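One letter stands for each residue in the lines below.
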Amino acid sequence: STVLTVIYRNPLPITVMTKYSILLPTYNESENLPIVVWLLEKYLRDVEYELIIIDDASPDGTQDVAKALQKEYGASKILLKPRAGKLGLGTAYIHGLQFATGEVPSVNDEQLVFVSFVILMDADLSHHPKFIPTMIGLQQEYNYDIVTGTRYVGDGGVSGWDLRRKVISKGANYLAQFLLEPGVSDLTGSFRLYKKAVLAELISECISKGYVFQMEMMFRASKKGYTVGEVAPSSRTPMIGLASLLIWLLLGPHTASEGGNPQRGLERYRPRVPGHFHARQIDRRTLGGP
Amino acid sequence: MATQLVIYVKRVAILTLLWISCLLLLNVVDVPITGIQHFITYAPVYGVFLLGLHAALSVLLGVANFNDCSDARKELLEEIKEARADLTKRKVL
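Note that residues are indexed from 1 along each chain, following the sequence as it is written. Chain letters start at A and ligand numbers start at 1, both assigned in the order the entries are written. The model is predicted, so local features are restricted to residues of pLDDT at least 70 and side-chain atom pairs to those at 80 or more, both for listing and for counting; the totals for chains, interfaces and linings are taken over all residues. To get the side-chain values, take all heavy atoms of the structure and skip hydrogens and water.

Draft legend 1. Structural view of the overall build of chain B. Only DSSP runs of H or I with at least four residues qualify as helices, and only runs of E with at least two residues qualify as strands; both kinds are numbered from the N terminus onward. Looking only at helices and strands, chain B has four helices and one strand in total. Mapped in sequence order, the helices and strands of chain B form the string α-α-α-β-α. The C-alpha radius of gyration computed for chain B amounts to 28 Å, which surpasses the reference 12 Å derived for 93 residues by more than 25%, pointing to a less compact arrangement than a globule. Relative to its full complement of 93 residues, chain B shows a buried share of 20%. When the accessible surface of chain B is summed, it comes to about 7,100 Å², and 72% of that surface belongs to carbon and sulfur atoms. To get the radius of gyration, use the C-alpha atoms; to get the globule rule, take the number of residues to the power 0.38 and multiply by 2.2 Å. Three exposure classes are used, based on accessible area relative to the maximum for each residue type with a 1.4 Å probe and protein chains only: buried under 20%, partly exposed in between, and exposed over 50%. Accessible surface is estimated by sampling points in the Shrake-Rupley manner with a 1.4 Å probe; for residues, cover comes only from the protein chains shown.

Spelled out as C-alpha cells, the structure:
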C-alpha cells in the first residue's frame with residue numbers, strides 16, 4: 001500500500017478553543033471548599049473552565065456545601081461527581097477525568113480547533129488559584145504538555161512546617177531526584193496542568209494509587225519525553241543552591257545568579273501574564289526524546 | 001526505553017571497569033608520587049563518602065533555604081476573610 005500525505009491549505013483562519021477542567025478531590029473540606037471556589041472565580045474570570053469536585057463521602061457535609069456552590073455558580077461550571085467512600089487520590093483523578101467535558105484535539109468544519117487541559121490541585125488551600133493564569137500563560141507560550149508548580153524554586157515554599165517535616169520533604173526529594181533524574185524540581189507536588197490527552201495516557205499507565213502517584217506521573221512523563229514547564233513565585237531574596245554556592249566559593253560572588261541556582265541550559269523568563277511570578281523552562285525535547 | 005535500573009547498572013559498570021583498569025595499570029606502571037596508589041585503591045570508598053557528603057549538604061542547605069511563606073499566608077488569610085464576607089452576602093455560607 002502507498003502512504004499518501006495530503007497537505008491542506010487553510011482557506012479560513014483557525015480559532016483555537018481551549019477549555020480547562022479542574023479536578024478537585026475533597027475529603028472533609030467543607031470549610032475550605034467555598035474559599036477555593038471563590039478564589040477560582042476571582043482569578044479565572046477570563047478563562048473558560050469547569051470545576052469537577054470529587055468528594056469521597058466526607059462525613060462533614062462537604063457535599064452539601066458543594067451543592068450550594070453549584071446552585072450559586074451554575075451546573076455547567078461546577079460538576080459534582082462524588083464517590084461512595086475514601087478510595088484514594090489516584091483513582092479520584094481517574095474518576096474525575098471521565099467527566100471532563102473538554103474535547104480532545106480536533107478540527108471541525110468551522111475551523112475550530114479544540115484543545116483541552118486538566119488542572120489538578122488540592123482543596124486544602126495549599127495551592128493558590130492565582131497561579132493558574134501563570135501556568136496557562138507558560139503553557140501557551142511554549143506549548144508545554146505539562147506545567148507544574150514548585151515549592152523548591154524562587155519564593156515557592158511552605159508555611160507552618162516544622163523542621164522535621166522540612167527535612168523529610170527535602171530528603172525524600174533529594175533521593176527521588178538522585179534516583180529518578182526527572183529534571184523537575186518538585187516531584188511530589190500536586191499542583192499541575194496537563195494537556196488532557198497526555199494526562200489520560202499517563203494516568204492509564206500509572207500503577208501507584210496513593211501519594212506516590214504524583215511522582216510516578218512526573219517520572220513517566222519525563223521518560224516519555226513530554227515537555228514540562230515549572231511555575232514558582234518570583235524570588236526577592238536570592239536562594240543559595242548547592243551548585244551556586246560552590247560556584248560562588250570557587251569564582252567569587254559576582255557569578256552567583258539572582259534568584260536561584262544557575263541550572264544547566266535552563267532559560268528563565270517572565271511570562272506576559274501580569275503577576276509577581278517567574279517561570280522556569282525545562283524543555284525535554286532538547287534532552288532527547290523517549 | 002531503558003529502565004532507570006539499567007541506566008544505573010551501566011553507570012556503575014563503567015565506573016567499575018575504569019577503576020579495575022586503573023588498578024591493573026598500577027601493577028604495570030611504577031607511579032613515583034606517593035599517595036596516588038592509596039587514592040586509586042580506595043577510590044570507591046572515597047566516592048561513596050563524597051556522595052554521602054553531597055547528600056547531607058544538599059538536604060541541609062535545602063532545609064535552611066526552605067521558604068516560610070509568611071507573607072503569602074497573611075495575604076491568603078485576608079482573602080479568606082473577603083471570601084467569607086462575599087459568600088455570606090450571597091447566602092452560600
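Draft legend 2. Broad picture of the overall build of chain A. Scanning chain A from N- to C-terminus turns up eight helices and 11 strands. For chain A, buried positions account for 52% of its 290 residues. Contacts are assigned to residue pairs with any non-hydrogen atoms lying within 4.5 Å of each other. Pairs at least 24 residues apart make up 75% of the contacts formed inside chain A by residues separated by at least 6 positions. Of the roughly 14,400 Å² of accessible surface on chain A, 58% is carried by carbon and sulfur atoms.

Draft legend 3. Representation of the pairing of strand β8 (residues 192-195) of chain A. Residue and element names in this part refer to chain A. The side-chain alternation of β8 yields two buried faces, one formed by Arg192 and Tyr194 and the other by Leu193 and Lys195. Direction of pairing for strand β6 (residues 146-149) relative to β8: antiparallel, over a ladder of three bridges. When the bridges of β8 are listed, Thr148 appears paired with Arg192. What makes two strands pair is DSSP finding at least two bridges between them.

Draft legend 4. Main features of the nonpolar core. One finds Tyr20(A), Ile22(A), Leu40(A), Leu69(A), Met121(A), Ile132(A) and Leu193(A) to be the most contacted residues of the largest nonpolar core, which totals 41 residues. Mapped by element, the contributors of at least two residues to this core are β1 (15-26), α1 (33-43), β2 (49-55), α2 (62-73), β5 (112-120) and α4 (132-142) of chain A together with α4 (70-89) of chain B. It is α1(A) that contributes the most residues to this core, seven residues altogether. Beyond its immediate chain neighbours, meaning those up to four positions away, Leu69(A) contacts Leu33(A), Pro34(A), Val37(A), Gly74(A), Ile78(A), Leu87(B) and Val92(B). Put simply, buried Ala, Val, Leu, Ile, Met, Phe, Trp, Tyr and Cys residues joined by side-chain atoms within 4.5 Å make one nonpolar core.

Draft legend 5. Just the confidence of the model for chain B, in detail. The pLDDT score gives, residue by residue, the confidence of the prediction method on a 0 to 100 scale. Of all residues in chain B, 99% attain a pLDDT of 70 or more, and the chain-wide mean is 89. Interface predicted TM-score (ipTM) for the complex: 0.78; the corresponding pTM is 0.76.

Draft legend 6. Spotlight on a nonpolar patch on the surface. Here the term patch refers to residues with relative accessible area over 30% and no salt bridge, with like charges joined within 9 Å and nonpolar side chains (Val, Leu, Ile, Met, Phe, Trp, Tyr) within 5 Å. Whenever Lys or Arg places a side-chain nitrogen within 4 Å of a carboxyl oxygen from Asp or Glu, that contact is recorded as a salt bridge. A cluster of nonpolar side chains, Leu175(A), Phe178(A), Leu179(A) and Leu51(B), forms an exposed patch at the surface whose accessible area comes to about 350 Å². For the nonpolar patch, the element with the highest residue contribution is helix α5 (residues 163-180) of chain A, accounting for three residues. Examined against the element boundaries, Phe178(A) turns out to sit in helix α5. Judged by its relative accessible area of 32%, Phe178(A) is partly exposed.

Draft legend 7. Focus on the interface of chain A and chain B. The partner chain B presents 32 residues to the 43 residues of chain A that form the contact. Together chain A and chain B conceal approximately 3,400 Å² of surface at their shared face, both sides included; 61% is due to carbon and sulfur atoms. One can count five salt bridges joining chain A with chain B. Across the salt bridge formed by Glu31(A) and Arg84(B), the nearest N and O atoms sit 3.1 Å from each other. Polar contacts, as used here, are pairs of N or O atoms within 3.5 Å; protein pairs need one atom able to donate a hydrogen and one able to accept it. Residues neighboring in sequence count only if both atoms are side-chain atoms. Taken together, the links from chain A to chain B amount to 14 residue pairs in polar contact (both at pLDDT 80 or more). Counting residues per element, the ones that place at least two in the side of chain A that touches chain B are α1, α2, β7 (157-158), α5, α7 (213-223) and α8 (242-251) of chain A. In terms of residue count, the dominant contributor to the side of chain A that touches chain B is α5(A) (10 residues). Put simply, Ala, Val, Leu, Ile, Met, Phe, Trp, Tyr, Cys and Pro go in the nonpolar bin, Asp, Glu, Lys and Arg in the charged bin, and everything else, Gly too, in the polar bin. In terms of residue class, the side of chain A that touches chain B is built from 23 nonpolar, nine polar and 11 charged. Summarising the sheet, β7(A) and strand β1 (residues 67-68) of chain B pair through two bridges and their orientation is parallel. The partner of Val158(A) across the bridge, within β1(B), is Asp68(B). Buried area: the sum, over both parts, of the accessible surface (1.4 Å probe) that disappears when the two are put together.

Draft legend 8. Quick peek at the UniProt feature "transmembrane region" (unreviewed entry) in chain B. Residues and elements named next belong to chain B. Within this numbering scheme, the UniProt entry marks residues 12-33 and 39-64 as carrying the feature "transmembrane region" (unreviewed entry). As annotated, residues 12-33 has a helix share of 77% and a strand share of 0%, and its two end C-alpha atoms lie 28 Å apart. Split by type, residues 39-64 is 96% helix and 0% strand. Its first and last C-alpha atoms lie 34 Å apart. UniProt positions are given in the numbering used here, feature names are shortened, and annotations may be inferred rather than shown by experiment.

Draft legend 9. Spotlight on the packing of helix α3 (residues 89-97) of chain A against helix α6 (residues 196-205) of chain A. All names here are of chain A. Orientation is described by axes fitted as lines to C-alpha atoms, over the contacting stretch for helices, and by angles from 0 to 180 degrees between their N-to-C directions. Contact pair α3 / α6: the axes reach a minimum separation of 11 Å and the direction vectors enclose 135°. Between α3 and α6, the crossing angle belongs to the class labelled oblique. Seen along the crossing, α3 lies across α6 with a hand that is left-handed. Here Tyr93, Ile94 and Leu97 of α3 come into contact with α6, specifically with Lys196, Leu199, Ala200 and Ile203. Among the residues forming the contact of α3 with α6, the class breakdown is six nonpolar, no polar and one charged. Orientation is classified from the angle alone, with under 35 degrees giving roughly parallel, over 145 giving roughly antiparallel, 65 to 115 giving roughly perpendicular, and any other angle giving oblique. Should the near helix be turned anticlockwise from the far one by less than a right angle, the crossing is left-handed, and should it be turned clockwise, the crossing is right-handed.

Draft legend 10. Representation of the confidence of the model for chain A. Residue and element names in this part refer to chain A. Here chain A shows a mean pLDDT of 77. Residues at 70 or above account for 71%. Counting interchain partners and residues more than four positions distant, the pLDDT-below-50 stretch residues 234-245 has 32 contacts. In this model residues 252-290 is a low-confidence stretch, pLDDT under 50, and it forms 87 contacts with partners more than four residues away in sequence or in other chains.

Draft legend 11. Here's a closer look at the packing of α1(A) against α4(B). Their axes nearest at 9 Å, the elements α1(A) and α4(B) cross at an angle of 95°. The angle between the axes of α1(A) and α4(B) places the two elements in the roughly perpendicular class. Every residue of α4(B) that contacts α1(A) at Pro34(A), Ile35(A), Trp38(A), Leu39(A), Lys42(A) and Tyr43(A) is listed here: Leu76(B), Glu79(B), Ile80(B), Glu82(B), Ala83(B), Arg84(B), Asp86(B) and Leu87(B). Taken together, the residues of the contact of α1(A) with α4(B) sort by class into nine nonpolar, no polar and five charged.

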